[in-house]
Amino acid sequence: MTAIRPTPARAEADGPAAVPPFAVIGGGQVRHTLAGREQEIVDLVEATYRLHSAGDTVNPPSYFLRFPDRPASRIIALPASIGGQVRVDGLKWISSFPENVASGLPRASAVLILNDHDTGYPFACLESSIISATRTAALAACAAAALSRGRARPTRVGFVGTGLIARYIHTFLAGTGWEFAEIGVHDLSPESGAGFRGYLERTGTGGRITVHESAESLISSSDLVVFATVAGRPHVSERSWFDHDPVVLHVSLRDLAPELLLSTANFVDDVEHCLKAGTSPHLAEQLTGGREFLDGTLDDVLAGRVPVPTDRPVVFSPFGLGVLDLAVGKYVYDEVVRAGELTVIPDFFHELRRYG
Ligand SMILES: NC(=O)c1ccc[n+]([C@@H]2O[C@H](COP(=O)([O-])OP(=O)(O)OC[C@H]3O[C@@H](n4cnc5c(N)ncnc54)[C@H](O)[C@@H]3O)[C@@H](O)[C@H]2O)c1
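Quick summary incoming for the structure in this document. (Residues numbered from 1 in each chain as written. Predicted model: local features only at pLDDT ≥ 70, side-chain atom pairs only at ≥ 80, totals over all residues.)

### Quick look at the overall build of the chain
Here comes step 1: The helix and strand tally for the chain stands at eleven helices and 19 strands.
Here comes step 2: Here the C-alpha radius of gyration of the chain, 21 Å, is about what a compact globule of 356 residues would show, namely 21 Å.
Here comes step 3: For the C-alpha atoms alone, the extent of the chain along its principal axes is close to 70 × 45 × 45 Å.
Here comes step 4: A buried classification covers 42% of the 356 residues belonging to the chain.
Here comes step 5: In the chain, 70% of the contacts between residues at least 6 apart in sequence involve partners at least 24 apart. (Helix = DSSP H or I, 4+ residues; strand = E, 2+ residues; numbered from the N terminus. Rg over C-alpha atoms; globule rule 2.2 N^0.38 Å. Buried ≥ 20, exposed ≤ 12 C-beta atoms within 10 Å, placed from the backbone. Contact = placed C-beta atoms within 7 Å.)

Put into structure tokens, the structure is as follows:
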């Protein structure tokens, strides 16, 4: 393996197609590239999301690979394509094995493949659990800002489920100017709650940290609530816990009872994507036989087409779009190339002459 600037290899001496060299970008390089750039990444993710909402991307439904012998686990394929100036295609392939957590290993692991716009050849494989967490947290931070406009800016944040995604969301909120007087923590696992609290203390974040024994206590005392659990079916159904009309980032998608969503304002990232796979909005659609409970998409809010009610709790359920992984992955690739630190695998694609 060599660290070089990418020089396309020509298949034929005088042929038209140039195949980019194949590179591998590890988690250390990804993390180093993204660290401290929260606002820039939120801007990138928001711009890509809006491009998607305008219909300028290709983002087919995610494919869920499940296993009869390991029902709690899954691997999801998210193919996507971005045109315009970015011009990149690709695939995110992300595993969720919740039992990893018992041994201290993260639940999710992932790779992202970037494909060349002109030849279709894959030109990079990136460690992608960090990219996935980053794009998720960036869109959550974008939504928190957009959905709380027009109401008093939340100063009490609460996290239900405190694994890696909660940590990234906190990092992105803090990195984009949010300041909290109080930070609530609730997790079924005391170790996870303590680990998250330790992270908050180490980062020297302002605000009083409270570990809540119940979801009720946390929700009732937070005006920005983040759900980042691994709950497979709804476990929160009590409407009175939300009587103070908080903004809710329902990132784990399956925590809230569908009945509850009938009395809240509901926004999603993409309607067709989100009303699938047993998410709470999907259950609400099945319960009511329609989509009237949805107020709109985050893009509707960003574009000013739909106002955000201030007299109801506001719930944002983002399904997660492959185009966002692709945009962040291409950003990392370009930055690594710019720094002259790309690690190329020489001769990865060996059969480059059709007739030998
Ligand atoms: N919507 C998106 O775009 C998107 C993207 C990435 C991840 N996610 C989701 O985010 C969630 C969190 O991911 P992670 O990597 O941080 O997982 P993780 O396993 O590291 O952490 C999840 C935590 O939730 C806790 N938990 C489970 N059930 C709970 C409950 N009922 N109440 C309180 N705590 C509970 C667990 O003990 C664990 O500590 C997952 O559901 C994942 O699918 C969503």
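Moving on from the coordinates now.
### Section: the pairing of strand 14 (residues 224–227)
Here comes step 1: Of the two faces of strand 14, both are covered, the one formed by L224 and V226 as well as the one formed by V225 and F227.
Here comes step 2: Inspection of the sheet shows strand 14 paired to strand 15 (residues 247–250) by four bridges, in the parallel sense. Across the sheet, residue V225 finds its bridge partner in strand 15, namely V248. (Pairing = 2+ DSSP bridges.)

### As for the sheet that holds strand 13 (residues 208–211)
What holds strands together in a sheet is hydrogen bonding between their backbones, with the strands either parallel or antiparallel.
Here comes step 1: Read across the open sheet, the eight strands follow the order 13-12-11-14-15-18-16-17; overall the sheet is parallel. Two strands bound the open sheet, and with one partner strand each, they are strand 13 and strand 17 (296–297).
Here comes step 2: With three bridges connecting them, strand 15 and strand 18 (residues 314–317) associate as parallel partners. For L249, the partnering residue across the bridge sits in strand 18 and is F316.
Here comes step 3: Taken strand by strand, helix 5 (residues 190–202) contacts strand 11 (156–160), strand 12 (182–186) and strand 13, and its axis lies near 155° from that of strand 12. (Axes fitted to C-alpha atoms, helices over the stretch in contact; angles between N-to-C directions.)

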